[in-house]
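Overview (structure and organization)
Spelled out from the first residue to the last, the chains are:
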Amino acid sequence: MAEMDWKEKAGSLFFESGMGIGDIAEYLSISRQSVSGYLKKLSGYEAERERRKAAGRERRKEYKKQKNREYRSCMEVTGETLRREHDVAALILSREKYH
């Protein structure tokens, strides 16, 4: 009876609460391998796993977009920055040509 209790609880935590396998194992004091093995046998496991992977990819994409916005905002291109870059490039090229 106790074995079925943890299995039902593990299924509920995974599908309804959205907990990860490691968290479920820690919460129920069962090995991660036992929880994983049981969940893989359930019918909706693969679909839920793919859904979570897709959601993770979307979160990562949004995170990268936000970080790129932050990086670009501090690298504003103005006439002065272009002039400075041009002067540095000209110095480097003239040094290569004459030395």
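The notes below deal with the structure included here. (Residues numbered from 1 in each chain as written. Predicted model: local features only at pLDDT ≥ 70, side-chain atom pairs only at ≥ 80, totals over all residues. Heavy atoms only, no water.)

Counting its secondary structure elements, the protein chain contains five helices and zero strands. Starting at the N terminus and walking to the C terminus, you meet the elements of the protein chain as α-α-α-α-α. With the C-alpha coordinates aligned to their principal axes, the bounding extent of the protein chain is approximately 85 × 30 × 20 Å. A total of 99 residues make up the protein chain; the buried ones form 16% of that total. (Helix = DSSP H or I, 4+ residues; strand = E, 2+ residues; numbered from the N terminus. Buried < 20%, exposed > 50% of the residue type's maximum accessible area, 1.4 Å probe, protein only.)

By secondary structure assignment, the location of Glu48 is in helix α4 (residues 45–73). Residues contacting Glu48, with those up to four places away along its chain left out, are Phe14 and Phe15. (Contact = heavy atoms within 4.5 Å.)

Viewed as axis vectors pointing N to C, helix α2 (residues 21–28) and helix α3 (residues 32–41) meet at an angle of 120°, and their least axial separation amounts to 8 Å. Considering their axes alone, α2 and α3 lie oblique with respect to each other. In this structure, α2 crosses over α3, and the sense of that crossing is right-handed. Contact with α2, carried on its side by Ile21, Gly22, Ile24 and Ala25, involves Arg32, Val35, Ser36 and Leu39 of α3 and no other residues of that element. Broken down by class, the residue content of the contact of α2 with α3 amounts to five nonpolar, two polar and one charged. (Axes fitted to C-alpha atoms, helices over the stretch in contact; angles between N-to-C directions. Parallel < 35°, antiparallel > 145°, perpendicular 65-115°, else oblique. Left-handed = near helix turned anticlockwise from the far one by under 90°. Nonpolar A, V, L, I, M, F, W, Y, C, P; charged D, E, K, R; others polar.)

One pass over the structure, following the stated rule, counts three aromatic pairs. Measuring from ring centre to ring centre gives 5.9 Å for Trp6 and Tyr38, while their planes differ by 65°; the resulting arrangement is edge-to-face. With Trp6 in helix α1 (residues 2–15) and Tyr38 in helix α3, the pair connects residues that are 32 residues apart, well separated along the chain. Like Tyr38, Trp6 is buried. Ring geometry for Phe14 versus Phe15: centroids 5.0 Å apart, planes at 85°, classification edge-to-face. For Phe14, a relative accessible area of 3% corresponds to the buried category. Phe15 sits in the partly exposed class, given a relative accessible area of 31%. Grouping aromatic residues by their ring pairs yields a cluster made of Phe14, Phe15 and Tyr45. Note that Arg52 overlies the ring of Phe14, its terminal NZ or CZ placed 4.0 Å from the centroid. (Phe/Tyr/Trp six-rings, centres within 6.5 Å; stacked < 30°, edge-to-face > 60°. Lys NZ or Arg CZ within 6 Å of the ring centre and 35° of its normal.)

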